[in-house]
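# Structural characterization, general
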Amino acid sequence: MRQISHAVRMRQISHAVRMRQISHAVRMRQISHADNVDFKYVQNTVLQPESGIKNVMVPCHEYKSLVNAVKFDRTRLQIKFASEVIRFGSGCMNVRTNGTIHFGVLDSKNTGWNNGEIMGIPVKEKDLFVDALDYIEKSFSASQCQDARQCIRPPRFIEVVDRDQKQKNWVIEVDVVPMAKTVKGKVYEVRIPTFCEKSNKPKFDVNTIFQRVGASTASISNDNKVYFILGIPERDSRREEAESSQNLSEIQEDLGRKLSIRLTSGKTYIDDSLWYIIVTNKCDGDNLKNINFLLHMNIFCVFDFDPDSMTLGFCKQYLEHHAANPYFLHDYTNESRLSTTDFIKKLQLFELASWIFCNGRSDYLGGEKPCDEKNWIKTKKKQLNSGISRICNEILTKGSFQVLFLLMSEVEQPLVETFHGFFAEMNGHEDITVISESKEHYNKWSSLAQTSCSLETLHEISIVGLQMSHLDATLQSIQLPVTKAIRHLPVFKKALCVLKTVDEERMLSLEILSVDQCSADVIDQETVDNTERYFYRGGKISWMNFWMADESLCEGIVQRDAYMEATTILNNLLQGNAPKRSVARLSIYHQPGSGGSSVARQILWNRRKDLRCAVVKHSHSVTSVCEHAVRLREYEEKDRNSCLPVLLLLEDFDVEFLNELRHELANAVSTMTINPSTLCFILLGCERCHDPRTMCVALPLQTVAVTLKLSVKEKRQFSRKGEKLELKYEPKFILTFVLMSNEFEEQYLTDFVGNLLKDIDHSSVVTRLIRYVALLNCYVQNSFVSLSHCEVFLGLGTQIKGHIHNFKSSLSKQAKLVFIARKETTTHIKSIRIIHDLVAKEILHQLSGSQPQSAIAMDLLQENVLFDHRFGRDEYNKFIRDLFMRRCKRSRGDDTDSSFSPLIEHVCNEEGNFTKAKDLLTAAYTCFGNDPFFAQQLARLCYTNELLDDAVHWVEVAKSDLPYDSFILDTEGQVYKKWFNVMFEKLHKDNLMPENVTEMIGIALKAIEAFRASQKASKSESNSMNNSGFFGEVDVGCRLLNLISSVSVFSNQDGHSELLRYLVSEHVPKAVKEPWQNVHSRLKGLQKSIFDALEWISEDLRYFQTDKSDEGEDHRIKEPQQEGDPRKWLTRKISVYARVFCDARLHSANQEPKSDSTDALTPLTRRMTRRMTIYHLGGGNVTTILSLLSDKNTQRSSQKLEKIIDMYSEDSQREKLDQIDLVNYIFCQIALRCAFPCSPKLVTLEELQEISMRLYKERNHTSPASAFFLLSLLFWPEKPELSQKENKILTSAIDRLQNLYDLKIKNVPQRKKRIYTDFFLGQGVDRIVHRSKIEKYIKGTLSERRLKWLSGEVWLTTEVTHLLKRVQGWTENGNLFVQGTCKDIKIKVIPLYSASLPNGNENVTFFLGFTYNGPVAFDIRILRL
């Protein structure tokens, strides 16, 4: 996409402005006794043509260029100037008319130029021209010289402005004002001075009478003198009459009406449909009293040129009533190159007014000091233009905002530069208004601003001379009451408090619902009908809908069964019938388009008088929401224990955000002196789900479902409601309600859409737009197309006022029925979507009959006008990207998991055309500027369909742009892995020769190298945790081992031993020496590399929960490495791996190793083969050991563990085990104790403690996290007699665990830090309780069980509470501690989930868990001794 630089565009605009100025007459300076030093002319602009007498008080004009005369010497120039002035002046005096002669302005004699075009002349000495009028005394008779001096005024020097001029030029104007009392009854004869070349002196012509004739000054012939003199009395009479009437009031401009029309865009009131940008300079105390109207306007930003505004000016006053963010001009330059969406989010635009200090800020400690005009031009002008351009071209659409200039004090150049910037970027003045009470300020302003537009245009947009108090009163009279309404909140003692606007705005992450919401709105019946009809057509329900129903202005809102169910649950929470917690949760799961949002908002509306209710806005952090929610709860309340609960609605937030918010709120409550059983917050989650009823099964007391299916009761309600609505509206105006009443039944929907699309013009541009919007709405959740995109697509041009009506009138009848307008909540850009997702899906299905969806998508990618459109570009591009890249995930509420986006899968599966899918992604790759992630997607699509050469090409393309991206490197590994697997499946394994598999081995090793590169890259990525490379290496490595073992030399009777020797020693069999000469070293490294990868995966699984995964798209694609339970996957892979490296001679299923079988092996090989045997049995790492406890057959798992322990023999006591083997041995002992406490193979806990001491070393930075985990588990203080050394072992182990965890987690968002708890502290003999034992008492599916863990319902299960031990501790400064075994030693414990730490020095009890982040606490309760 080509972009014209800002400088080039400014030059083009400047040239266009100059051309307009030449073609339009410029307003002239008015005759006045006072000098207007601020008045200026603009080079090349054109004055009105030279004129004759219209009205003696209206000056006639004559132009003289003096282009050549200015080159004369002083005497000649003075004579030339004086002769023109005296001729013109005496002519005006004789006919009694005012006049002005202009020097430096081209007249009709200057061929090739415009008559009246301003050029200006250089003036080195102004005195030269002033002194030239001394010729008056020599030209007029002695008795008339005084009259001439009174009538012919001194020269005025008007500066000519030209941005490109190298020297300063001037227009010299001489005014002639023949007052009646001076000239009455007189005729003026003059002798015009000329220069005599012979004598080199001035000479004077004969006495001549001059008069104004038309546009020129002419002499009167002797024949006409008598006639002229006889007309003197009549001319005197006209002059006297004109002068007397001049004192009468002139016709006044209706400034009040002009003001109202300009600021309301022609409406009768000011509302919030427009944004206002204010540009102002210093505002003094008197004016500050008269700008209250600004406090009630929808201000987007303020360009403030007053450095003292924060302490003494407008900003200070505004902040007393509203919240605002202070910025400087450089904040709007976007030097970090954020996208428009991120830029808006960073500056909190559309949420709080931005106060831009354009010339420093005197009270700011950061060094932004004010500067003079010249320095401002050098340092700030570029920043100003950048900010203005960004606002006008990327953030606000034309017609959606107005710019208001307030000239409150003397005007300086920077303020004018702001006008130039907005005038250029807004392509004119239509939405710019200038207000100035002072005419002097305005005159200077207009003289400087006229370089952008004419003085007449400036006058049209300006309100000048109106007192600010009058202006303030006028504007406040047309502001709607709602903009000045006082809002109220309920309080604990059943009364109300005032919610101040400034306080509400500071809680910007919340949309607060007041007791008197909408009550200040003034609406007519048309507004009522439009609001009601919009909702029943498919628009989102608003608070106005509920208010109108309450006020009986429209029919009531149907109450779904889910509303009553949710209300019952809510009442139980409030009345204490449910378990008492500070933060409660209620979830509404709903099918898309079933009305779940309406149910949720109906709950808030009906609870707004007894609870504090708010909707959580998107794009805010958990921390901000938590802070604002706490502030809302305590607002205007003195006792924290006596506050109303806050009901927070979270719509379409992911579960992790909701859980983290719950955790943060609980922690916030814990830091305050609030009773833990006091209900403070209720989180009402409203989430899309394709099977909501299943979600209700897990937590029936916290969850309700809303579906498209209606109960018998609901059907009756909808039927009655439908009958009433059809009396008011045609069915086509309430389409979604009609469809909902029929439960969106498939055949009904098909027939409905079929009738709707009947006779549609498939070739029209509007039908193309319907296809595109339907495609997006069908496949991309919450997608839309901005109204400005639609307009430019339909060729409607730039947005203008009333553009929505212009857009609607251009639509076909089908489009008018299926499109519905909406206003995007974060950017306030108006947009279009289909009335319902199911309607969009059916439209797409039926329109696909004439054009398949792949063709529609391809056409969409070719619509450059949509991609190049600037407004809403980020949102549009995101939707298109999601259309081709976003995969379905059940964890996000989708009905399935997919490998590619639903559209790509549709093209591949339903249309059966992989080639078209590939073409689509290729076109998208080009369309998005050769985006490497689209190349990655193409590689995935190609290798999935076994186009492996193409896959290699595309992954290389992706790597060329992002060579160190772990996800792309992983995809490269997947390409070669697929290639290897395809060849492996086709291979005939009978009598397989080494040379037959050489190529396959090379491809497998390429895959492994790519996976290792992915692992390395992932470690350096601080914002992601990509472990796919480890899984990929193990997958390929195990299959490669399988392939090698199938080769003839390794598949005979002694082949396994030969293979083992080849892989773990320097031995190379003769049969493979030559064919595999290039890969021997890499094959011999497989044993260690696969072992290291398995160990890494094992440890990683100990850190984090893996029962639910949602990595997000993040533009990058993470390959699915394992299906189902990753622990089971790990067990399978370890078995394959161990089988290769386990010597069959060393053991059998039922006997001990034979001594003669081991004597031939070296100690290193013997230890390795024994370890592989243990691996084969499932004891090779922590994860596989503990996974044995998940076996429901306890006897089987116990036998496996005993067999593994037998493999260690007595080595554990002889200190011959290395660190890894020692860790695994101890874990086997602990696992066996959990599975079969009476096993004879067990050693005592004391013995385990003694053995584990070998794992402890001071300053130990090499041991794995598992070693420190064991130390924290085994040395947890149960008895007070632990030695100081043992206590030091415990505390250092916990410290090291937490350090390793911080390194592991990087900067991944908090909601992805799901720490996994392996063990809990149990009662009595069962001191160590594994998680699997607790899971036995928790019923439900995987998702349901996880919800019970997150909600804390686990700790209410009787069997669990009897199984676990409650630990005593205390809280201190928001932290939780338990007593160590030595005096003054305290151990910090991390609270998890909905912990509620009390404030201060409270004693508490809790259940203790052991994790790889140290000990953690569950179900914290205050202990009353």
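Anything mentioned here points back to the structure above.
This write-up is about the structure you can find in this document.

Moving on: the overall build of the chain. The secondary structure content of the chain amounts to 62 helices and 37 strands. Buried residues in the chain amount to 56% of all 1425 residues. Entry remark: accessible area of the chain is about 62,500 Å², with carbon and sulfur atoms responsible for 49%.

The subject of this paragraph is helix α31 (residues 765–779). Taking 1.5 Å as the rise per residue, α31 with 15 residues should run 21 Å; its terminal C-alpha atoms sit 22 Å apart, in good agreement. Along α31, the residues that are buried comprise Val766, Thr767, Leu769, Ile770, Arg771, Tyr772, Val773, Ala774, Leu775, Leu776, Asn777 and Tyr779.

Moving on, we come to the side chain of Ser400. Mapped onto the fold, Ser400 is located in the loop between α15 (381–395) and β17 (401–406). For Ser400, a relative accessible area of 17% translates into the label buried. Reaching out from Ser400, the side chain makes a polar contact with the backbone oxygen of Thr397 at a distance of 2.5 Å. Excluding its chain neighbours within four sequence positions, the residues that come into contact with Ser400 are Ser273, Leu274 and Trp275.

Within the element layout of this structure, Lys1304 appears in helix α59 (residues 1284–1305). The class of Lys1304 is buried, set by a relative accessible area of 15%. Here Lys1304 is in contact with Met1025, Trp1096, Asp1100, Tyr1103 and Phe1104, once residues within four sequence places are set aside.

Under the criterion given, the structure shown has 59 salt bridges. Ionic pairing is found between Lys878 and Asp882, a salt bridge with its closest N-O pair at 2.9 Å. Of this pair, Lys878 and Asp882 both sit in helix α38 (residues 873–885), separated by four residues, roughly a single helical turn. With relative accessibility at 15%, the residue Asp882 sits in the buried group. Note that Lys1088 is salt-bridged to Asp1092, the shortest N-O span being 2.8 Å. Residue Lys1088 and its partner Asp1092 are located together in helix α50 (residues 1086–1103), separated by four residues, close to a single helical turn. The partly exposed category is assigned to Asp1092, whose relative accessible area is 36%.

Within a sheet, neighbouring strands are paired by backbone hydrogen bonds and run either parallel or antiparallel to one another. Across the sheet, which stays open at both edges, the three strands sit in the order β28-β30-β29 with antiparallel pairing between neighbours. Looking at strand neighbours, the two that pair on one side only are β28 (785–786) and β29 (819–823), the edges of this open sheet. By the bridge criterion, five bridges tie β29 to strand β30 (residues 830–834) in an arrangement that is antiparallel. When the bridges of β30 are listed, Ala821 appears paired with Ile832.

Further remarks concern the sheet that holds strand β22 (residues 510–513). Strand order across the open sheet formed by six strands is β22-β24-β25-β26-β23-β27, with mixed pairing between neighbours. If you trace the sheet from one side to the other, it starts and ends with β22 and β27 (703–706), each paired once. Taken over all neighbouring pairs, the strand axes of this sheet differ in orientation by 20° on average, direction set aside. Bridge count for strand β23 (residues 583–590) against β27 is four bridges, and the pairing is parallel. For Ile588, the partnering residue across the bridge sits in β27 and is Val704.

Quick look at the packing of aromatic side chains now. One pass over the structure, following the stated rule, counts 58 aromatic pairs. A centroid spacing of 5.1 Å and a plane angle of 45° characterise the contact between Tyr318 and Trp355, whose relative ring orientation is tilted. Remark: Trp355 occurs in strand β16 (residues 353–357) and Tyr318 occurs in helix α12 (residues 314–319); sequence separation between them is 37 residues. Comparing Tyr318 with Trp355 shows no difference in burial state: the two are buried. Pairing Tyr327 with Tyr332 gives two aromatic rings, centres 6.2 Å apart and planes at 75°, and the pair type is edge-to-face. An aromatic cluster of three or more residues is present, and its members are Phe303, Phe405, Phe419, Phe422, Phe423 and Trp445. Positioned above the aromatic ring of Trp170, the side-chain terminus of Lys126 is 4.4 Å from the ring centre. Against the face of Trp1096 rests Lys1304, its NZ or CZ located 3.8 Å from the ring centre.

Here the focus is the packing of helix α36 (residues 853–861) against α38. At a minimum axis distance of 12 Å, the contact between α36 and α38 shows a crossing angle of 145°. When the axes of α36 and α38 are compared, the crossing they make is left-handed. Packed against α36, whose contacting residues are Ala857, Leu860 and Leu861, the element α38 presents Tyr876, Ile880, Leu883 and Phe884 at the interface. Partitioned by chemical class, the residues of the contact of α36 with α38 number seven nonpolar, no polar and no charged.

Conventions adopted
Residues numbered from 1 in each chain as written. Predicted model: local features only at pLDDT ≥ 70, side-chain atom pairs only at ≥ 80, totals over all residues. Heavy atoms only, no water. Helix = DSSP H or I, 4+ residues; strand = E, 2+ residues; numbered from the N terminus. Buried < 20%, exposed > 50% of the residue type's maximum accessible area, 1.4 Å probe, protein only. Areas by Shrake-Rupley, 256 points an atom, 1.4 Å probe, with all protein chains shown as cover. Expected span 1.5 Å × (residues − 1). Polar contact = N/O pair within 3.5 Å; in protein donor to acceptor, adjacent residues only side chain to side chain. Contact = heavy atoms within 4.5 Å. Salt bridge = Lys/Arg side-chain N within 4 Å of Asp/Glu carboxyl O. Pairing = 2+ DSSP bridges. Axes fitted to C-alpha atoms, helices over the stretch in contact; angles between N-to-C directions. Phe/Tyr/Trp six-rings, centres within 6.5 Å; stacked < 30°, edge-to-face > 60°. Lys NZ or Arg CZ within 6 Å of the ring centre and 35° of its normal. Left-handed = near helix turned anticlockwise from the far one by under 90°. Nonpolar A, V, L, I, M, F, W, Y, C, P; charged D, E, K, R; others polar.

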